[in-house]
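Report on the structure
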Amino acid sequence: MKLYCLSGHPTLPCNVLKFKSTTIMLDCGLDTTAALYFLPLPLVHSPRLSKLPGWVSKDGAINLEKELKECSGRVFVDSQPEFCLPEKELLDLSTIDVILISNYHCMMALPYITEHTGFTGAVYATEPTLQIGRLLMEELVTFMERVPKAQAATCWKNKEIQRLLPGPLKDAVDVWSWRKCYSVQEVNSALSKVQLVGYSQKVELFGAVQVTPLSSGYSLGSSNWIIQSHYEKVSYVSGSSLLTTHPQPMEQSSLKNSDVLILTGLTQIPTANPDGMLGEFCSNLAMTIRAGGNVLVPCYSSGVIYDLLECLYQFMDSANLGSTPFYFISPVANSSLEFSQIFAEWLCQNKQSKVYLPEPPFPHAELIQTNKLKHYPSIHGDFSSEFRQPCVVFTGHPSLRFGDVVHFMELWGKSSLNTIIFTEPDFSYLDALAPYQPLAMKCVYCPIDTRLNFHQVSKLLKDIQPLHVVCPEPYTQPPPAQPHRSDLMLELQPPPMAYRRCSVLGLPFRRRYERIHLLPELARSLVPSEIKAGVSVATVSAVLQSKDNKHVLQPAPKPTPVPPSKKRKRVTEEPPESLNPKPLLSGAVPLEPFLAMLHKNGITEVKVEETADGHILHLQTEDVLIQLEEDATHIICDNNEPLRTALRDLVLRFLQKL
């Protein structure tokens, strides 16, 4: 059993498991942090960004004015942002049988895998994961296609040139694996391969293994996966949460008795408490609005935004924010808000019960009805005529490199009355803000990540007790910025097996058993013999048939009678006689009763020597050695066949014949 690790990002995993005769991809996360090296794509013409000087090396030897621009003391790539793909060279991706998706954030690279590698397998995901994943992909495509770039920048990726560039561009890794965004056609083609599954639904793969999704408690439809055969069990835990938020709670008991547990997707901010961050978010927002400023919240169009809106719903009246407009701007804003209301069976019990009242499970439905929350596909159109300040704007993309957020950064960045509040933990907020410096607007970092922290995961692993744990390398050491914090790492016995991008791990257990079915007529012919209390054994002569990873013992076919022939047959053509198989022996030869038996049969001079495997008996008068071992008995006797046969018969008296 092998694990191929195609992604170096702990919360955007992509691993391939070879288990029995199947090849299973576990998630295909897309690392969008590469976008931070690129200039923002403004929806409205930006004089500031259009007049940036091109970059030329100090000695003038390298001139990349068309590809690189200097902005706020840094150098950025001036082309459509690119993303870091999972590794494609480590193994042949066309051999993948199935892709299991754990949540909608971990499927964003799916079109790159299914459309460009010869993939012909199936993809399994829950319905909310598929539908919200589709929204996020369509949003990403729209962001890119709304602001097309004429040229693509590739010269700077040359190794000899890249190492001469200023930081952080010269330190960017795997730049040749970066690719532009996919198209809507590729998204539709990729998602047409997805087969929907429900929690605890067992899906059989080629008769070899069974896969089952379990609720992971992180987002709508998010799953952990059990991958098991009759005798082995692998658990894949990715993006799980024990906090009480809007999704169904995490299912833990089914993860018990795992031979191997693959652990990814822990919180990216282990020192930040989500409840504390929500409180800070609300208080900073209220302070800015009271001072007459605007609040910008760069966020994804699904996920934490549901909890933010719910928190604000409860907080608005007490903070006298009742008249402040809230705007949610995304190409998929309307669909996202509606989907959250219709996936009732995937919500926690508290929200499910509201559906039967009937009430909408999320309060943002009421905010929309009362015109406190308005949603728009873009800043163009209705929004520009209805927009009033001060206000709160939720929009994407959290990287600040594309989407409507770029326009608001240019619009509000010069006033210290305004505040930008970062709630998504995926991007360094300092790197995200770099091309907008110098910035007058206040910046607040309130990362809200509800995934498991190290304390929670240690407790979980104690409860479910897997034999072996496999995890990304960063989880096995303290954070580089806090080397003294040993509580921010996994400390287990035995130590976890760590992986990094492009590593191949041999998982530490061997398959020892296989299940075989007997046909009824063969079972009827068996004659069991009890060899000890509760254990019976029977010999069988049969034909083993293996098909689709199912093994069946069938009665041996009877030899077909040869039709009489007029030709005279040679003697060598006579069919061989079918010999009955020799009986099998079981049991042990006890030393003292065997010596007594020898004595009774006239063999009295016996010297006994103890060995590591048993005993050696030297019959001195007869000059014979008998080796008694746990699983074998040897009689060494030269030129005295009658004696050897007599001794053999004495040994057989202590053994059972099957």
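Looking at an unreviewed UniProt entry, one finds the chain named Integrator complex subunit 9, with Carassius auratus as its source organism. You can read under Sequence similarities (unreviewed entry) in the UniProt record for the chain the words "Belongs to the metallo-beta-lactamase superfamily. RNA-metabolizing metallo-beta-lactamase-like family. INTS9 subfamily."

Of the regular secondary structure elements, the chain holds 17 helices and 36 strands. A compact globule built from 658 residues would reach a C-alpha radius of gyration of about 26 Å, whereas the chain, at 35 Å, exceeds it by more than 25%. With respect to the principal axes defined by its C-alpha atoms, the chain has extents near 115 × 70 × 70 Å. By residue count, 50% of the 658 residues in the chain fall in the buried class. For the chain, contacts bridging at least 24 residues in sequence account for 70% of all contacts bridging at least 6. Surface summary for the chain: the accessible area is close to 32200 Å², and the carbon and sulfur share equals 51%. Distance between charge centres in the chain, computed from 59 positive and 66 negative side chains, equals 4 Å.

All chains considered together, the criterion is met by 23 aromatic pairs. Aromatic pair Phe 594 and Phe 654: ring centres 6.0 Å apart, planes at 75°, arrangement edge-to-face. Remark: Phe 654 occurs in the loop between α17 (641-652) and β36 (656-657) and Phe 594 occurs in helix α16 (residues 591-600); sequence separation between them is 60 residues. What makes Phe 594 buried here is its relative accessible area of 0%. Residue class for Phe 654 comes out partly exposed when judged on its relative accessible area of 22%. By way of ring pairs, the aromatic residues Tyr 327, Tyr 376, Phe 383, Phe 387, Phe 408 and Trp 412 are connected into one cluster. The aromatic ring of Trp 176 is capped on one face by Lys 157, whose charged end is 5.8 Å from the ring centroid.

Once that is clear, we can look at the UniProt feature "domain: Beta-Casp" (unreviewed entry) in the chain. Taken from the UniProt record, the annotation "domain: Beta-Casp" (unreviewed entry) applies to residues 305-433. Segment residues 305-433 splits into 41% helix and 12% strand. End C-alpha atoms: 21 Å apart.

Okay, the sheet that holds strand β29 (residues 542-547) next. Reading across the sheet, the three strands line up as β26-β30-β29 and stay open at both edges, with mixed pairing between neighbours. Sheet topology places β26 (516-518) and β29 at the edges, where each strand pairs with a single neighbour. When strand polarity is set aside, the average angle formed by the axes of neighbouring strands in this sheet is 30°. Across six bridges, the pairing between β29 and strand β30 (residues 550-555) is antiparallel. Within the sheet, the bridge partner assigned to Ala 542 lies in β30 and is Pro 555.

The next subject is the environment of Pro 583. Mapped onto the elements, Pro 583 comes out in the loop between β30 and β31 (585-586). Separated by 499 residues in sequence, Pro 583 and Cys 84 place their C-alpha atoms 64 Å apart. Filtering out sequence-adjacent residues up to four positions away, Pro 583 remains in contact with Lys 657 and Leu 658.

Two side chains of opposite charge can pair, provided their charged atoms sit close to one another. For the structure shown, the criterion picks out 19 salt bridges. Glu 410 is the partner of Arg 48 in a salt bridge, and the nearest nitrogen-oxygen pair spans 2.9 Å. One end of the pair, Arg 48, is in helix α1 (residues 47-50); the other, Glu 410, is in helix α12 (residues 405-412), and 362 residues separate them in sequence. A salt bridge links Asp 404 to Arg 146; its shortest N-O distance comes to 3.1 Å. Here the residue Asp 404 occupies a position in the loop between β20 (392-395) and α12, and Arg 146 occupies one in helix α3 (residues 127-146), the gap between them amounting to 258 residues. Residue classification places Asp 404 among the buried positions, given a relative accessible area of 0%. Counted as one network, the salt bridges with shared partners bring together Glu 87, Asp 174 and Arg 501.

Here we take up the pairing of strand β2 (residues 15-19). The two faces of a sheet get side chains in turn, since along a regular strand they alternate between them. With respect to burial, β2 is a largely interior element, four of its five residues being buried. Pairing of strand β1 (residues 2-5) with β2 involves four bridges; the strand directions are antiparallel. Following the sheet pairing, Lys 2 is matched in β2 by Lys 18. As defined by bridge partners, β2 adjoins strand β3 (residues 22-26) across five bridges and the pair is classed as antiparallel. The residue bridging Val 16 from the neighbouring strand is Met 25, located in β3. What sits between the antiparallel neighbours β2 and β3 is a turn of two residues, in which Lys 20 has the positive phi angle 55°.

Our focus in this paragraph is helix α7 (residues 304-316). The terminal C-alpha atoms of α7 lie 18 Å apart, and with 13 residues this matches the ideal 18 Å at 1.5 Å per residue to within 8%. Counting buried positions over the 13 residues of α7 gives 10, a clear majority of the element.

What counts, and where the lines are drawn
Residues numbered from 1 in each chain as written. Predicted model: local features only at pLDDT ≥ 70, side-chain atom pairs only at ≥ 80, totals over all residues. Heavy atoms only, no water. UniProt positions renumbered as here; feature names shortened; annotations may be inferred. Helix = DSSP H or I, 4+ residues; strand = E, 2+ residues; numbered from the N terminus. Rg over C-alpha atoms; globule rule 2.2 N^0.38 Å. Buried < 20%, exposed > 50% of the residue type's maximum accessible area, 1.4 Å probe, protein only. Contact = heavy atoms within 4.5 Å. Areas by Shrake-Rupley, 256 points an atom, 1.4 Å probe, with all protein chains shown as cover. Lys, Arg positive; Asp, Glu negative; His and termini not counted. Charge placed at Lys NZ, Arg CZ, Asp CG, Glu CD. Phe/Tyr/Trp six-rings, centres within 6.5 Å; stacked < 30°, edge-to-face > 60°. Lys NZ or Arg CZ within 6 Å of the ring centre and 35° of its normal. Pairing = 2+ DSSP bridges. Axes fitted to C-alpha atoms, helices over the stretch in contact; angles between N-to-C directions. Salt bridge = Lys/Arg side-chain N within 4 Å of Asp/Glu carboxyl O. Expected span 1.5 Å × (residues − 1).

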